[in-house]
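Report on the structure
Residue-level listing of the chains:
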Amino acid sequence: MRVTNKMIMNNSASNINSAKEVVNTRNKQMTSQKRIDKPSDDPVIAVRSLRLATTLSQVSQYYSKNIPDANQWLDITETALININDVATDCKTICVGGSTDSYNSQSDRKTMLTQLESLQKALFAEGNADYANRTVFTGYRTNSNLTFTEDETQTKYRINQTLSVEDLMEEHRYYSGNVVVPTTEAEVIAPQNNAALISDITETDYYRLRINYKDLDSIGSINIKYEDGTEIPFTFTETNGVFDNTTAQTDAASGFTLTVYDNETDWAEADAENIKRVDDTSIVVIKETGEIIFGDKVASTIKTNKAEVSVQYDKTGFNEGQLRPEYYYNCTKMIDSTGATLTSNNEYTKFDANGNVIHFDIEYTIAANQTIAINTEASDVFDSSLQRDIDEMMNAVQRVIAAYDKLDTIKGMKSETQYASDEDQEWLDKWQDAAQKEYDYYNNNMRKLFDSEIGNIQSYCDKITLALTDLGCKEQSLDLTKVRVGDQRETVQQLQTENDDVDLSQIIIDYTAAYTAYQASLTAAGKLGDSTLLNYI
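Heads up: these notes are all about the structure in this document.

All right, on to helix α2 (residues 43-98) then. Helix length check: α2 (56 residues) gives 81 Å between terminal C-alpha atoms against 82 Å at 1.5 Å per residue, within 8%. Remark: the principal bend of α2, roughly 35°, maps to Y62.

Moving on, we come to the layout of surface pockets. A volume near 1400 Å³ is recorded for the largest pocket. Together, 40 residues line the largest pocket, and Q161, T162, L163, S164 and L168 are the ones closest to its centre. Listed by contribution, the elements that provide at least two residues to the lining of the largest pocket are β3 (152-164), α4 (165-168), β6 (218-225), β14 (308-318), α8 (384-414) and α9 (422-500). In the lining of the largest pocket, the residues fall into 13 nonpolar, 15 polar and twelve charged. In this structure, the second largest pocket spans a volume of roughly 780 Å³. Elements supplying a minimum of two residues to the lining of the second largest pocket: β4 (170-176), β5 (202-210), α6 (264-269), α8 and α9. In the lining of the second largest pocket, the residues fall into seven nonpolar, eleven polar and 15 charged.

As a further point, take the sheet that holds β14. Pairing in this open sheet of six strands is antiparallel, and the strands run β7-β6-β14-β3-β15-β16 from one edge to the other. Each edge of the open sheet is held by one strand with a lone partner, namely β7 (231-235) and β16 (347-348). Two strands pair when backbone bridges link them, and β3 and strand β15 (residues 330-335) are joined in this way by five bridges, in the antiparallel orientation. Within β15, the residue paired with Y157 across the bridge is K333.

What follows is about empty space enclosed by the protein. A complete count under the given rule lists one cavity of 30 Å³ or more for this structure. Taken together, F137, T138, G139, R141, Y327, K350, F360, E377, A378 and S379 make up the lining of the largest cavity. Split into classes, the residues belonging to the lining of the largest cavity amount to four nonpolar, three polar and three charged.

Our focus in this paragraph is the sheet that holds β4. Pairing is mixed in the open sheet, where six strands are placed in the order β4-β5-β13-β12-β11-β10. Each edge of the sheet is formed by a strand with only one pairing partner; in this case those strands are β4 and β10 (249-250). In the sheet, strand β12 (residues 282-286) pairs with strand β13 (residues 291-294) via four bridges, with the strands oriented antiparallel. Residue V285 lies in a different strand from β13, and its bridge partner there is I292. On the sheet, helix α7 (residues 296-304) packs against β5, β12 and β13 and is oriented at approximately 100° with respect to β13. Packed onto the sheet, α8 meets β4, β5 and β13 and runs at close to 170° relative to β5.

What follows covers the pattern of salt bridges. Two side chains bearing opposite charge may form a pair once their charged atoms approach each other closely. Within this structure, the stated rule accounts for 20 salt bridges. Two residues, E392 and R208, come together in a salt bridge whose shortest N-O distance is 2.8 Å. Of this pair, E392 sits in helix α8 while R208 is found in strand β5, placing the two residues 184 residues apart along the sequence. Taken individually, E392 and R208 each receive the classification buried, so the pair is uniform in this respect.

What follows is about the environment of L478. With respect to the element layout, L478 can be found in helix α9. Looking at L478, the relative accessible area reads 0%, which means it is buried. Residues L478 and L116, spaced 362 residues apart in sequence, show a C-alpha to C-alpha distance of 38 Å. Filtering out sequence-adjacent residues up to four positions away, L478 remains in contact with I67, A70, N71, L74, I366 and I372.

Quick notes on the rules
Residues numbered from 1 in each chain as written. Predicted model: local features only at pLDDT ≥ 70, side-chain atom pairs only at ≥ 80, totals over all residues. Heavy atoms only, no water. Helix = DSSP H or I, 4+ residues; strand = E, 2+ residues; numbered from the N terminus. Expected span 1.5 Å × (residues − 1). Bend = angle between axes of the 7 residues up to and from the residue. 1 Å grid on protein atoms, 1.4 Å probe; cavity = no way out; pocket = protein on both sides within 12 Å on 5 of 7 lines; lining within 4 Å. Points joined across faces, edges and corners; volume = space filled by probe spheres on them. Nonpolar A, V, L, I, M, F, W, Y, C, P; charged D, E, K, R; others polar. Pairing = 2+ DSSP bridges. Contact = heavy atoms within 4.5 Å. Axes fitted to C-alpha atoms, helices over the stretch in contact; angles between N-to-C directions. Salt bridge = Lys/Arg side-chain N within 4 Å of Asp/Glu carboxyl O. Buried < 20%, exposed > 50% of the residue type's maximum accessible area, 1.4 Å probe, protein only.

Rendered as structure tokens:
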């Protein structure tokens, strides 16, 4: 084969260009410290790099964003629950003192009343705790507060609440009669013509269930369901959105009668002796206090049969700090805070048709194929019971304070000259005996109530402690997951480095070798030009 100078020059140029491309490639690798500049350089490395980059992005999302975000949410929830638990603990401390002689003076009682008022206001303020403007106790409805943040006098709900007799029925004391302190001598001796003017306080005891709201508009229905499925229904007629509670309802099968009263005064006035009484086969509902009170036979029967009592009722007007019913019950919001009647998007469901709780969990993905419910729903930890317990304790203390003031006033009257006659003193002694009896009743009631509340509040604290324990378990799980995801991230980063990056020392050597080869090819090509065919002619 004949080889010409032109062929040699062409081959040399081609080889020089190839060497230059190698130098360029090594230069790019040395500058970028990456194996490839474009996918076509090495498709296998390119595909593996894309997969590793996707995996690293996901793992970094879990490690740097999802897990820290979940941890902060849990921290906010934990702080709120601890604060609520502290309020409950303070209430328990007051109960311990109120059940003994620790608060035996009028000033002590007023101090105790002030403390209870402050605790009641602070109690569920923590229920509106939020993280990044998302309320933590309201499920996935994080744009709404758990409680009413201001008084809403026109807001109206129709609420369905189910009460367990076995868990919630309790004995409660009711008092009839009220000593009215005389202010003139004529009033002091007036009972000689009407002895009833000196009221004789009377105590009655019945079992009750307490609805979680008071000051109800009306009762729509009450259904008692035994464990074996037997039902005792009481239903009231609705006219223009209002239930008619004026007529008592009687269930023929059980013989139970249900009567609804606006307040305890109406209940007492329905009795011939003006005493708060419930017949053995009767049920009394007091709308003002939100109580269902059972006669002895009814109480015994429904307790034996482990009944549940379902109540439908309407309530208009909610005070600041009260819990919103949509987070606890199946309910319908009928009128909003502006007084506008609602016809759509106003129904809330908390329980399904079988009575099972519908949970509104917020789940965070914290690792591949691993999620965690980070939220704690208020309905799982606390409800209006503690709020209502504090309210009843305050009422009990106020009664004792008022009764003591009456007794103290009458004692002071006995030393006044205008009541110095024997007749006045004799009647003032009777007034004092009545006032003393009222004070003794109310003081004894306060102590018994506070004593029973110690156990109730402890049960609330136990429930909160359980929720805090659950949060602690979630935090530990997050910590373990964070360690695992962190290790995974480091592993993926290492794999990506091994796949994408070059060894700098090696690429310098490769670059130097390529550049030397390139320079040598240039030198060799240059020498080819020094000799031609003419040199041999």
